[in-house]
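# Structural overview for review
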Amino acid sequence: LLIPEIKSVDVVLDSELLTILNLACTEFINKTDALPTSTTFNLVTNLVEYPISTYVTTFGKIRKEGMWIYNASTTKWVQIDPTTTNYLNENFPAWLNAAAGFPLQYTLEGDIITLHPKASSTYAGTAYLKLYYFKRSVDMSASGHYPFSGSTTQYPHLADYDEVLIDYVKYKM
């Protein structure tokens, strides 16, 4: 049992139930990819690493559409190739010291998105990076909050799954 004292009805606090319910929401979203979205953020001159926790605060995991960059020269969006730091180290040993230009590759490892090469002033701009991702569930903290959004906003496409969340809480107890 998650809460061994559950044999006594008045032992479980509302805050404990809310914690378990929020865990149910997190697990549901992680397993179903139910909150696909995208966002844009600034492409900064000479910046190699972009902390996801700063630039994409609702990030859960990346979608197959990946990352795109706006090319101001051609006025077109271009998909950037995903790669790994290990690949960059093996195939572009001096990649960290490479001259700024038009980013062609990105890595997403832990909390960091890394661009290669870093953007030159020709290509940097406001909202020039677009990331497709699945949002994570936001914890509820008040009685008027809905599951998944953690606010007074209800996601209509997830409303039918409220019973699944209640079953999760019952199971954990």
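The paragraphs below set out a description of the structure included in this document.

Reading the values: rules and limits
- Residues numbered from 1 in each chain as written.
- Predicted model: local features only at pLDDT ≥ 70, side-chain atom pairs only at ≥ 80, totals over all residues.
- Heavy atoms only, no water.
- Pairing = 2+ DSSP bridges.
- Helix = DSSP H or I, 4+ residues; strand = E, 2+ residues; numbered from the N terminus.
- Core = buried A, V, L, I, M, F, W, Y, C linked by side-chain atoms within 4.5 Å.
- Buried < 20%, exposed > 50% of the residue type's maximum accessible area, 1.4 Å probe, protein only.
- 1 Å grid on protein atoms, 1.4 Å probe; cavity = no way out; pocket = protein on both sides within 12 Å on 5 of 7 lines; lining within 4 Å.
- Points joined across faces, edges and corners; volume = space filled by probe spheres on them.
- Nonpolar A, V, L, I, M, F, W, Y, C, P; charged D, E, K, R; others polar.

### What to know about the pairing of strand 3 (residues 59-71)
Where strand 3 meets strand 8 (residues 125-135), six bridges bridge the pair, whose relative direction is antiparallel. Each residue of the ladder has a partner; that of Phe59, found in strand 8, is Lys135. As paired strands, strand 3 and strand 4 (residues 76-79) are joined by four bridges and run antiparallel to one another. When the sheet's bridge partners are listed, Trp68 is paired in strand 4 with Gln79.

### Overview of the nonpolar core
Phe41, Leu43, Met67, Ile113, Leu115, Leu129 and Leu131 are the most contacted members of the largest nonpolar core, which has 18 residues in total. Listing elements by their share of this core, those giving two or more residues are strand 1 (36-43), strand 3, strand 7 (112-116) and strand 8. If you look at the next biggest cluster of nonpolar residues, it comprises 15 residues, including Ile20, Leu21, Ala24 and Phe148.

### What about empty space enclosed by the protein?
Enumeration over the complete set of coordinates arrives at two cavities of 30 Å³ or more. Roughly 40 Å³ of volume is contained in the largest cavity. Lining the largest cavity are Tyr146, Pro147, Phe148, Gln154, Tyr155, Leu158, Ala159 and Asp162. Across the lining of the largest cavity, the residue classes break down as six nonpolar, one polar and one charged. Quantified by volume, the second largest cavity comes out at close to 30 Å³. Together, Val48, Trp95, Leu96, Ala98, Leu115, His116, Pro117 and Lys118 line the second largest cavity.

Scope: geometric values only; no functional claims are made or implied.
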